[in-house]
Amino acid sequence: MLYLSSYEIRENKRRDAYCFRVPAIAHETRREFTSSVTFFEGENGSGKSTLLEALARSIGMPALGANDTRRDHTLEAVDPLANALKLSFKTKPKYSFFLRAEDFFGFIQRIRNTRESMRKELDAIDREYAGRSDYAKSLAAMPYASSITALDSRYGENPDAQSHGESFMSVFSSRMHEGGLYLLDEPEAALSPTRQLALLSMLDELRGSSQFIIATHSPILLSLPSAEILSFKSDGIIPAAYSDLDSIEVLRSFLRSPERYHKLLGIDTESADE
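Draft legend 1. Representation of the sheet that holds strand β2 (residues 30-32) within the structure. Taken in spatial order, the three strands line up as β2-β1-β4 in an open sheet, and their pairing is antiparallel. Two strands in the sheet have a free side with no partner beyond their single neighbour: β2 and β4 (85-89). Strand-to-strand twist in this sheet, taken as the mean axis angle between neighbours without regard to direction, amounts to 15°. As paired elements, strand β1 (residues 4-9) and β2 share three bridges and run antiparallel to each other. Its bridge partner being in β2, E8 is matched across the sheet by R30. Relative to the sheet, helix α3 (residues 48-59) contacts β1 and β4, its axis offset from that of β4 by approximately 70°.

Draft legend 2. Expanded view of the pattern of salt bridges. Evaluation of the coordinates by the stated rule reveals seven salt bridges. Salt-bridge contacts for R100 lead to E53; the nearest nitrogen and oxygen are separated by 3.4 Å. With R100 in strand β5 (residues 95-100) and E53 in helix α3, this residue pair connects regions lying 47 residues apart in the sequence.

Draft legend 3. Focus on the environment of F97. Within the element layout of this structure, F97 appears in strand β5. Since its relative accessible area comes to 1%, F97 is described here as buried. A C-alpha to C-alpha distance of 8.4 Å links F97 and G180, two positions 83 residues apart in sequence.

Draft legend 4. The nonpolar core, seen in detail. Core analysis: the biggest nonpolar cluster contains 33 residues, and F40, L51, L55 and L183 have the highest contact counts within it. Those elements that place two or more of their residues in this core are β1, α1 (18-21), α2 (23-26), α3, α4 (79-84), β6 (180-185), β7 (211-215) and β8 (228-233). For this core, the element with the highest residue contribution is α3, accounting for five residues. Those residues in contact with L55 that lie beyond four places of it in its chain are L4, Y7, F40, L85, L87, L183 and I213. With 27 residues, the next largest nonpolar core counts F39, A190, L191 and M202 among its residues.

Draft legend 5. Region of the structure containing the environment of R15. Locating R15 in the fold gives a position in the loop between β1 and α1. On the basis of relative accessible area, R15 is assigned to the partly exposed category, the value being 28%. Residues R15 and A26, 11 residues apart in the sequence, show an inter-C-alpha distance of 9.4 Å. With sequence-adjacent residues up to four places away left out, R15 is seen in contact with I9, R10 and F20.

Draft legend 6. Up close: helix α8 (residues 193-206). In this model α8 runs 20 Å from its N-terminal to its C-terminal C-alpha over 14 residues, within 8% of the 20 Å that 1.5 Å per residue would give. Along α8, the residues classified as buried are Q196, L199, L200, M202, L203 and L206. End-on, the buried residues of α8 take up no more than an arc of 160°, which puts them together on one face. Residues of α8 that are exposed and point more than 90 degrees away from the buried face comprise T194 and E205.

Conventions adopted
- In every chain, residue numbers begin from 1 and rise along the written sequence.
- In view of the model being predicted, local features appear only for residues whose pLDDT reaches at least 70, and side-chain atom pairs are presented and counted only at 80 or more, with totals across whole chains, interfaces and linings using the full set of residues.
- Based on all heavy atoms of the structure, the side-chain values leave hydrogens and waters out of the count.
- At least two bridges found by DSSP between two strands are what make those strands a pair.
- Here a strand is any run of E in DSSP of at least two residues, a helix any run of H or I of at least four, and the numbering for each starts at the N terminus.
- Every axis corresponds to a line fitted to the C-alpha atoms, with the helix fit spanning only the stretch in contact, and the corresponding angles, defined between N-to-C directions, vary from 0 to 180 degrees.
- Between two residues, a contact is recorded if the distance between any of their heavy atoms is within 4.5 Å.
- The term salt bridge refers to a side-chain nitrogen of Lys or Arg lying within 4 Å of a carboxyl oxygen of Asp or Glu.
- Burial classification: accessible surface area is computed with a 1.4 Å probe over protein chains only, and a residue below 20% of its type maximum counts as buried, one above 50% as exposed, and the rest as partly exposed.
- Definition of nonpolar core: a set of buried residues of the types Ala, Val, Leu, Ile, Met, Phe, Trp, Tyr and Cys, connected through side-chain atoms within 4.5 Å.
- Expected helix span is taken as 1.5 Å per residue step, with the number of steps being one fewer than the number of residues.
- Starting at the helix axis, one direction is taken to each C-beta atom, and the arc is that of these directions.

Take a look at the structure:
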């Protein structure tokens with residue numbers, strides 16, 4: 001399902017901003033999305049995260065992080081590009097969010113702070129309603145108790161006690177629904193290969209009703225059949241086939257003969273720690 005159908009990069013008064021000096025973005029003028037799952041692929045610094053952040057900022061998406069995109073000061077650097085984007089939607093999604101893997105701990109902190117705040121309110125109600133009827137106390141406490149129950153149901157009673165990967169998958173499962181537009185920046189960073197396969201299956205299950213734009217290095221995620229892969233190069237953003245990606249060829253070559261790469265890198269395969 002396509003919600004965001006295309007974007008156009010219009011002229012901007014701040015064309016001297018760094019985001020316009022990234023070669024892949026400097027060559028970009030207009031892009032139509034052709035699949036409900038689009039991957040941004042490229043080397044570090046190639047511009048894939050910059051464009052993804054600008055899209056999220058331009059849309060004004062809620063963020064799974066310490067702050068929402070419109071209040072996140074770390075995204076201000078991409079504002080010239082975000083302001084230059086003209087977005088075209090086929091229809092508005094029911095749900096959406098933007099996730100940077102590096103911000104995920106901030107999101108868990110937000111959940112913890114919200115839960116703690118509501119528990120303090122419940123303690124205050126206990127003190128304030130001491131001596132009054134249980135009915136009156138339950139009415140006052142109901143909004144806070146219901147909110148805590150909803151948080152626990154969605155994210156678990158203690159997401160801090162889960163591993164990073166478990167927390168990631170719990171949030172993906174609870175927040176990604178049919179009818180959504182989701183922008184994810186390197187979601188594989190916290191996921192083992194097995195959990196990346198679980199996310200791959202989730203993407204396949206939801207892509208008939210939702211749209212995903214994902215910046216990634218993961219060969220597992222990039223393998224999703226019929227997904228659109230946009231490779232960020234020095235001469236522009238180029239549609240690419242999975243089998244033709246430089247990163248996939250390097251990985252295949254390494255797996256065929258890791259010893260050859262050890263030799264090229266000067267790694268001593270004969271010695272061992274004693």
